[in-house]
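# Structure at a glance
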Amino acid sequence: SLKCGIVGLPNVGKSTLFNCLSSAKAQAANFPFCTIEPNVGVITVPDERLTRLAEIVHPGRIVPATCEIVDIAGLVKGASKGEGLGNKFLGNIRETDAIIHVLRCFDDDNIVREGGASVNPVEDKEIIDTELQLKDLETIDSQLAKQQKTAAAGNKDAKVAVSVLEAYREVLIQGKNARTVEFDSKDEQKFAHDLFLLTAKPVLYVCNVDESSAKEGNEYSRKIEEIAKAENAEMLIIAAKTEEDIASLETYEDKQMFLEELGLEESGVNRLIKKAYSLLNLETFITAGEMEVKAWTYHKGWKAPQCAGVIHTDFEKGFIRAEVIKYNDYIQYGSEAAVREAGKMGIEGKEYVVQDGDIMHFRFNV
Ligand code: GDP
């Protein structure tokens, strides 16, 4: 499943966000949030299409996609040099697919900012970025000299490695993130990916604001918005403390009412997960049968056999064809049989590019 790590300086609202994510379990009672470790939780990806399809198919169960959330505490100035929890948490980030960078965008004299300085999310962001960049530089420098030597001896792979390492090094020493570098060749891309650099991971900035700024944001969040734009990154405004209160309400109706009072249509949790999906270019296809209606995550642009492989490698190996029903057709005609009768079911081959929301049935040889 998808894995996102929450980072940010102390007291910016990471745990609060983590808590309101974990309380989201109430929305999917049969697939609860479960805490694997104190700082790791799994939440289900909200998708009302599953519910609508289940009303038609009456499956034994609904299985939504999941997303693992890791609260990575202990990131402070000097962390790359072992301050705070130091290197331990950096290992935790390495394993994630994306980073959720929480920034304090609320005033509150009772909650201290490190060093007692006034609220400044731009500076906070730079501190975290710098720590992660220093760590990446360490990773690069631990390999560069050796690869250079091998490359000098004429090794082709090492030449690829050196070009990647040097390109990264150059932006990192300028205080920029590794994700600003793009590589043309497949070999370079592969080597770059396998470095698992922290600042190469896609990032989502979450501006943690007060209740009164939940809808429109504030001066702080607008500064972050500008920066995110310049970086081509995504940002999201969430009033984490308020959302924590909302999450503790009993019924769905109560929650929805509270959200509407704030001028929001959807909870921060839902918006966060949706953003994370689009950030990572992920989409969902669905299988709908008597046993279960299930969401499957795949990368945008994947063809039918690759998607079949998400379910089982045998499905990919023995792929013959896929029967595809568009979600809207399924809902409109009200059953698979009716869709077939109307001639709306697609019979697709190896080259079919799966679309978000497709209801797939794979035919394969065993
Ligand atoms: P962490 O260290 O980043 O995990 O921060 P916490 O989530 O523990 O939050 C630090 C403190 O700030 C807690 O007392 C929270 O209740 C409080 N807090 C979090 N978000 C907000 C907010 O939007 N407004 C205000 N006033 N306080 C908040």
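Bear in mind that the values here come from a model prediction, so they are computed numbers and not experimental data.

For the rest of this paragraph, the subject is the overall build of the chain. Secondary structure assignment for the chain yields 14 helices and 13 strands. Over its C-alpha atoms the chain spans a radius of gyration of 23 Å, differing by no more than 12% from the 21 Å that the globule rule assigns to 366 residues. The burial tally for the chain puts 49% of its 366 residues in the buried class. The long-range fraction of contacts in the chain, counting pairs at least 24 apart against all pairs at least 6 apart in sequence, stands at 68%. Here the chain displays about 18600 Å² of accessible surface, and carbon together with sulfur accounts for 49% of that area. Taking the average place of the 43 positive charges on the side chains of the chain and the average place of its 60 negative ones, the gap between the two points comes to 6 Å.

With that settled, consider the packing of helix 4 (residues 121-152) against helix 5 (residues 156-173). Viewed as axis vectors pointing N to C, helix 4 and helix 5 meet at an angle of 145°, and their least axial separation amounts to 9 Å. Considering only the axes of helix 4 and helix 5, their crossing is left-handed. Of the residues in helix 5, those touching helix 4 at Q133, D136, L137, I140, D141, Q143, L144, Q147, Q148, T150 and A151 are A158, K159, A161, V162, L165, E166, Y168, R169, L172 and I173. Residues belonging to the contact of helix 4 with helix 5 are distributed by class as follows: 11 nonpolar, 5 polar and 5 charged.

In this section: the site of the ligand. Near the ligand lie 15 residues; those nearest to it are N11, K14, S15, T16 and D108. In this structure, G13 approaches the ligand through a main-chain N or O atom, which is 3.0 Å from an oxygen atom. With respect to the ligand, the side chain of K14 contributes an N or O atom lying 2.9 Å from an oxygen atom. Within the complex, the protein chains bury 79% of what would otherwise be the 580 Å² of accessible surface of the ligand. Ranked by residues supplied to the shell around the ligand, first place goes to helix 1 (residues 14-22) with 3 residues.

Time to look at the pattern of salt bridges. Within the structure shown, the criterion is met by 22 salt bridges. A salt bridge links K135 to E138, with the shortest nitrogen-to-oxygen separation between them at 2.8 Å. Residue K135 and its partner E138 are both found in helix 4; the two are separated by 3 residues, about one turn of the helix. Judged by relative accessible area, which is 10%, K135 ranks as buried. Of the residues examined, E138 reaches a relative accessible area of 37% and is grouped as partly exposed.

The next thing to look at is the domain arrangement of the chain. Partitioning the chain into domains gives domain 1 (2-112 + 202-279), domain 2 (132-199) and domain 3 (301-364). Each partner contributes residues to the interface: domain 1 has 5 residues there, and domain 3 has 8 residues. In terms of surface lost to domain 3, no three residues of domain 1 exceed R49, L53 and I56, which account for 76% of the buried area on that side. At the boundary of domain 1 with domain 3, the tally comes to 1 salt bridge. Note that R49 and D356 form a salt bridge whose closest N and O atoms lie 3.2 Å from each other. The tally of links from domain 1 across to domain 3 stands at 1 residue pair in polar contact (both at pLDDT 80 or more). A breakdown of the residues in the side of domain 1 that touches domain 3 according to their chemical character gives 3 nonpolar, no polar and 2 charged.

To continue, consider the pairing of strand 5 (residues 66-71). Counting buried positions along strand 5 yields 5 of 6 residues, so the element is predominantly enclosed. Looking at chain direction, strand 1 (residues 2-7) and strand 5 are connected through 5 bridges and run parallel. Considered in strand 5, the bridge of C4 is made with I69.

Moving on to helix 8 (residues 240-247). Inspection of helix 8 places A240, T242, E243, I246 and A247 among the buried residues, and these make up the whole buried set. Down the axis of helix 8, the sector holding all buried residues measures 155°, keeping them to one side.

The general pattern is negative phi for most residues beyond glycine and trans for most peptide bonds. Its identity is not glycine, yet F196 carries a phi of approximately 50°, on the positive side. Position of F196 relative to the elements: it lies in the loop between helix 6 (186-194) and strand 7 (203-208). A relative accessible area of 40% places F196 in the partly exposed class. With a phi angle near 60°, N281 is a residue other than glycine that sits in the positive phi range.

Negative charge collects at one region of the surface, where D107, D109, D210, E211, D245, E260, E261 and E265 lie side by side. Tracing the sequence through the fold places E211 in the loop between strand 7 and helix 7 (219-231).

The next subject is helix 6. If you check which residues of helix 6 are buried, you get E188, F191 and A192. Looking straight down helix 6, one finds its buried side chains confined to an arc of 100°; they lie on one side. With respect to the buried face of helix 6, the exposed residues turned more than 90 degrees away are K186, K190 and H193. Summarising the contacts, the buried residues of helix 6 are in contact with helix 4 and helix 5. Trailing helix 6 by a residue or two, F196 shows a phi angle of about 50°, which is positive.

On to the packing of aromatic side chains, then. All told, the structure shown has 6 aromatic pairs when counted by the stated rule. Both rings, one in F315 and one in F364, keep their centres 4.1 Å apart while their planes meet at 25°; by these two values the pair is stacked. With F315 in helix 12 (residues 313-317) and F364 in strand 13 (residues 359-364), the pair connects residues that are 49 residues apart, well separated along the chain. Here the aromatic cluster, defined as three or more aromatic residues joined through ring pairs, consists of F285, W296, Y298, F319 and F362.

Thresholds applied
Residues numbered from 1 in each chain as written. Predicted model: local features only at pLDDT ≥ 70, side-chain atom pairs only at ≥ 80, totals over all residues. Heavy atoms only, no water. Helix = DSSP H or I, 4+ residues; strand = E, 2+ residues; numbered from the N terminus. Rg over C-alpha atoms; globule rule 2.2 N^0.38 Å. Buried < 20%, exposed > 50% of the residue type's maximum accessible area, 1.4 Å probe, protein only. Contact = heavy atoms within 4.5 Å. Areas by Shrake-Rupley, 256 points an atom, 1.4 Å probe, with all protein chains shown as cover. Lys, Arg positive; Asp, Glu negative; His and termini not counted. Charge placed at Lys NZ, Arg CZ, Asp CG, Glu CD. Axes fitted to C-alpha atoms, helices over the stretch in contact; angles between N-to-C directions. Left-handed = near helix turned anticlockwise from the far one by under 90°. Nonpolar A, V, L, I, M, F, W, Y, C, P; charged D, E, K, R; others polar. Near = heavy atom within 4 Å. Polar contact = N/O pair within 3.5 Å; in protein donor to acceptor, adjacent residues only side chain to side chain. Salt bridge = Lys/Arg side-chain N within 4 Å of Asp/Glu carboxyl O. Domains from an automatic or database assignment. Buried area = accessible area lost by both parts, 1.4 Å probe. Pairing = 2+ DSSP bridges. Arc of directions from axis to C-beta. Patch = residues over 30% accessible without salt bridge, like charges linked within 9 Å, V, L, I, M, F, W, Y side chains within 5 Å. Phe/Tyr/Trp six-rings, centres within 6.5 Å; stacked < 30°, edge-to-face > 60°.

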